[in-house]
Amino acid sequence: HEFGHIMHGLCAAGDGNSTTLAKCPRDFVEAPSQMLENWCWTVEGLKRLSKHHETGATLPRDLLDKMLDAKNVNVGLNMARQIYLSTLDLEIHGTNPPTTAEGLQALVDRLRPEISVIENPEGANMLRSFGHLMNQYSAA
């Protein structure tokens, strides 16, 4: 995924290019990375990207198939996490946000297990590291 950001930066370089990383619209910034991710998860893409460091042989087809079969493990949990983060963002930036640190913690403690099916560890406050909330990259 992060390699996609590097490729975006390299391929979109140039004066006046409105799609270069920081200049691109906020809802587009992840598109090149996600497109590259999808391309990488094809048999042809994996064959081109993978070589044995000594022999140069590509990955055997049975290993490629196992990798592709395992690719979507936990996709449901990851999607539930994104829905949780988006809902949390909308609640914080909505019409009736919590007004205290305790209220924010209560919101996190309530929403996380309700949406992502994973309990919030006691005293864990992920808001301290959720940078997207305050950098113009919000769901609101």
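Residues numbered from 1 in each chain as written. Predicted model: local features only at pLDDT ≥ 70, side-chain atom pairs only at ≥ 80, totals over all residues. Heavy atoms only, no water.

**Considerations on the overall build of the protein chain**
Next up, step 1: Counting secondary structure elements, the protein chain contains six helices and zero strands.
Next up, step 2: In the protein chain, which comprises 140 residues, the proportion classed as buried is 23%.
Next up, step 3: The long-range share in the protein chain, meaning contacts at least 24 apart out of those at least 6 apart in sequence, stands at 44%.
Next up, step 4: Accessible surface computed for the protein chain: about 9,800 Å², of which carbon and sulfur atoms make up 57%. (Helix = DSSP H or I, 4+ residues; strand = E, 2+ residues; numbered from the N terminus. Buried < 20%, exposed > 50% of the residue type's maximum accessible area, 1.4 Å probe, protein only. Contact = heavy atoms within 4.5 Å. Areas by Shrake-Rupley, 256 points an atom, 1.4 Å probe, with all protein chains shown as cover.)

**Re the nonpolar core**
Considering soluble globular proteins, one finds that nonpolar side chains tend to be buried as a cluster.
Next up, step 1: Counting nine residues, the largest nonpolar core is built from Tyr-84, Leu-85, Leu-88, Ile-92, Leu-107, Val-108, Leu-111, Leu-127 and Phe-130.
Next up, step 2: Elements with a minimum of two residues in this core: α5 (75–92) and α6 (101–116).
Next up, step 3: For Tyr-84, the residues in contact, after removing those within four places along its chain, are Val-108, Leu-111, Arg-112, Ile-115, Ser-116 and Met-126. (Core = buried A, V, L, I, M, F, W, Y, C linked by side-chain atoms within 4.5 Å.)

**A closer look at the pattern of salt bridges**
Next up, step 1: Applying the stated criterion across every chain yields a total of three salt bridges.
Next up, step 2: Put simply, Asp-65 and Arg-61 hold a salt bridge, and the shortest N to O gap is 2.9 Å. Remark: Arg-61 and Asp-65 occur in helix α4 (residues 61–70); sequence separation between them is four residues, near one turn of the helix.
Next up, step 3: By relative accessible area, which is 29% here, Asp-65 ends up partly exposed.
Next up, step 4: Of the charged contacts in the structure, one is a salt bridge between Glu-114 and Arg-110, with a shortest N-O distance of 3.4 Å. Of the two residues, Glu-114 and Arg-110 are both situated in helix α6; the distance of four residues between them amounts to about one turn of the helix. (Salt bridge = Lys/Arg side-chain N within 4 Å of Asp/Glu carboxyl O.)

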